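# A closer look at the structure
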Amino acid sequence: MSGIPGTFRAYVAEKTQAADGTARVERGVRDLTAADLPDGEVEIRVEWSSVNFKDGLAVRPDGKVARISPIIPGIDLAGVVVGSAAPSLAVGSTVLAHGYDLGVARHGGYSEYQRVPAGWVVPLEGAGAGGLSTRDAMVIGTAGFTAAMSVVALEDHGLRPGDGPVLVTGASGGVGSTAVAILAQRGHEVWAATGKADEESRLRGLGAVGILAREEITAEGRPLESERWAGAVDAVGAATLPYVLRTLRTGAAVAASGNASGPKLDTTVFPFILRGVALLGMDSAQMAIDRRRAIWARLAADLRPRTLGEGVTEVTLDTLDEALDAIVAGAARGRWVVRVGG
């Protein structure tokens, strides 16, 4: 028997066309029924979601992210199981889900109720990521998870505290600010790059020991420059990644997850063949569930940001529009979480 009520609220985006042929997206809160949701073994009463760059693109006519219409955006969610055909996911347990096709090719987190496959679900209790509330989980969210997997990838590559400075680009955003906090609490010397001068105090509070202006890391330079960084987390893409690659130390790596400044990479082979640097791609969407659950368990323990809950802005389904527009416009400062229900 379904645990989903007769009707519930969800934020929906639907592609339309104006009279002049211009593509548009109509978006807002609608009343839906259980029949409007996709199939899945687990039914969740969603309490919290978050706002990510991909969510902002999903509600734009030119976003090229949403692969169905209408769509309930929201690439992550956390809440309480109200129906389950999976023995390991009992009714009443708290869980989260993110990535895969959620909010892209399948209805996502901006809904008071959602169905998802059992193989996408991360328990928030017991052997899973114990110690995180559903709100905590979405304060971390997809952005924080991406930051954590970036730190894990760098340390797996050999980065250790004391090796030298580690650069984080796009440090004011969700991925960047969480990466600064995690790296700092693990004993790394963290430098934060941002285009927002008024963010310096907050970034230093997260643990950054130095701040770089956007102009310094987006200017054109020689194919190789002085070796500076023992590692880096790049959350921006085209504008900053070329600088990172040409200033990494020999054998160092950059974990790259962002394309906010565009997808094109203009660089040379010299950092790779003369310094042996590594470009580590971070794809949080398709990570296998066992590894995903393991990183979430660490996010409740040794990777848990000590500043968890700081710099967070709450919105609701009714006030989502402004946050979705702002994150695409580059106005993100910290994290937006969405109070969906609860």
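A brief structural summary. The residue numbers shown here count from 1 along each chain, following its written sequence. This being a predicted model, a pLDDT of at least 70 is required before a residue's local features are given, and a value of 80 or more before pairs of side-chain atoms are given or counted; all residues contribute to the totals for chains, interfaces and linings. Heavy atoms throughout the structure, all of them, feed into the side-chain values; hydrogens and water do not.

## Focus on the sheet that holds strand S12 (residues 253–256)
Note the cut-off: Pairing between strands is defined by DSSP: at least two bridges between them are needed. Only DSSP runs of H or I with at least four residues qualify as helices, and only runs of E with at least two residues qualify as strands; both kinds are numbered from the N terminus onward. To get an axis, a line is fitted to the C-alpha atoms, and for a helix only the part in contact is used. The angle between two axes follows their N-to-C directions and goes from 0 to 180 degrees.
If you trace the six strands from one edge of the open sheet to the other, you get S10-S9-S8-S11-S12-S13, paired in parallel fashion. Single-partner strands in this sheet number two, and they are strand S10 (210–213) and strand S13 (278–281). Here the average twist between neighbouring strands, direction ignored, is 20°. Direction of pairing for strand S8 (residues 165–168) relative to strand S9 (residues 189–194): parallel, over a ladder of four bridges.

## Side note on the pattern of salt bridges
What counts here: Put simply, a salt bridge is a Lys or Arg side-chain nitrogen that is within 4 Å of an Asp or Glu carboxyl oxygen. Only protein chains enter the area calculation, which uses a 1.4 Å probe; residues under 20% of their type maximum are buried, those over 50% are exposed, and those in between are partly exposed.
This model, assessed by the stated rule, comprises 19 salt bridges. In this structure, Arg67 and Asp101 form a salt bridge, with 3.2 Å as the shortest nitrogen-oxygen distance. One end of the pair, Arg67, is in the loop between helix H1 (53–58) and strand S4 (76–84); the other, Asp101, is in the loop between strand S5 (94–98) and strand S6 (113–116), and 34 residues separate them in sequence. A relative accessible area of 55% means that Arg67 is categorised as exposed. The salt bridge partner of Arg186 is Glu155, with a shortest N-O separation of 2.9 Å. Residue Arg186 is located in the loop between helix H3 (174–185) and S9, and its partner Glu155 is located in helix H2 (residues 134–157); the two are separated by 31 residues in the primary sequence. Overall, Arg186 belongs to the partly exposed group, its relative accessible area being 24%. Overall, Glu155 belongs to the buried group, its relative accessible area being 11%. What you see here is one network of salt bridges that share partners, running through Glu155, Arg186, Arg298 and Asp302.

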